[in-house]
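# Reading the structure
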Amino acid sequence: MSIVWLHKLHVTCAVLTAAGFLLRGWMLWRRPQWLRRRPVRTLPHVIDTVLLASGLAMLFMFGYGSAPPGWLIAKLVALLVYIGLGMIALRFGRSAGQRLAAWIGAVLVLGYIFSVALTKGPFGYLAWM
């Protein structure tokens, strides 16, 4: 598979996972019963698996050695924070306020991840402020 197509697959999955998270957040407040449907529960995992696999494949194809670039480490750490906040927002939050705060935090972290990916710098667009 060409690196160009792999990159396009990765970017497409990144957009789909972001859109899916935003949509599930909307469902949480407006149509919570929809969150129990099988496609809503399983499709995000499929998309995220392809996203991660394509990212790892690109890393392998680029041939990064033992020291990955700082922006990639920043994305991975932010990804862990995003996953944690998303879990609180969509599943484990004990109150509506806690879920909303976690959802807003996850959206902000997702924006940071996208900015790091676009700028290839660990501070993303924050470096321009």
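Residues numbered from 1 in each chain as written. Predicted model: local features only at pLDDT ≥ 70, side-chain atom pairs only at ≥ 80, totals over all residues. Heavy atoms only, no water.

### Remarks on the packing of aromatic side chains
Note the following rule: Only centres within 6.5 Å qualify two rings of Phe, Tyr or Trp (six-membered ring in Trp) as a pair; their planes then separate them into stacked at under 30 degrees, edge-to-face at over 60, and tilted for everything else. Numbering of helices and strands starts at the N terminus; helices are DSSP runs of H or I of at least 4 residues and strands are runs of E of at least 2. The rule is simple: take the accessible area with a 1.4 Å probe, protein chains only, and divide by the maximum for that residue type; under 20% is buried, over 50% is exposed, in between is partly exposed. Here, a charge over a ring is recorded when the distance from Lys NZ or Arg CZ to the ring centre is within 6 Å and its angle to the ring normal is within 35 degrees.
What the rule picks out here adds up to 3 aromatic pairs. On the numbers, 5.3 Å between centres and 70 degrees between planes, the contact of Phe21 with Tyr82 is edge-to-face. Here the residue Phe21 occupies a position in helix α1 (residues 3-30), and Tyr82 occupies one in helix α3 (residues 70-92), the gap between them amounting to 61 residues. On the accessibility criterion, Tyr82 (9% relative accessible area) is buried. Taken together, Phe21, Tyr82 and Trp103 form an aromatic cluster joined through their ring pairs. The aromatic ring of Trp34 is capped on one face by Arg31, whose charged end is 5.7 Å from the ring centroid. In this structure, Lys120 packs its charged tip against the face of Trp71, placed 4.9 Å from the ring centre.

### Describing α1
Put simply, the test is: By this rule the span expected of a helix is its residue count minus one, scaled by 1.5 Å. Here, residues are in contact when the closest pair of their heavy atoms is within 4.5 Å.
The end-to-end C-alpha distance of α1 is 40 Å, a good match for the 40 Å that 28 residues give at a rise of 1.5 Å each. Those residues of α1 that fall on the buried side of the exposure criterion are Leu6, His10, Cys13, Ala14, Thr17, Ala18, Phe21, Arg24, Gly25, Met27 and Leu28. Each element contacted by the buried residues of α1 is listed here: α2 (38-62), α3 and α4 (96-119).

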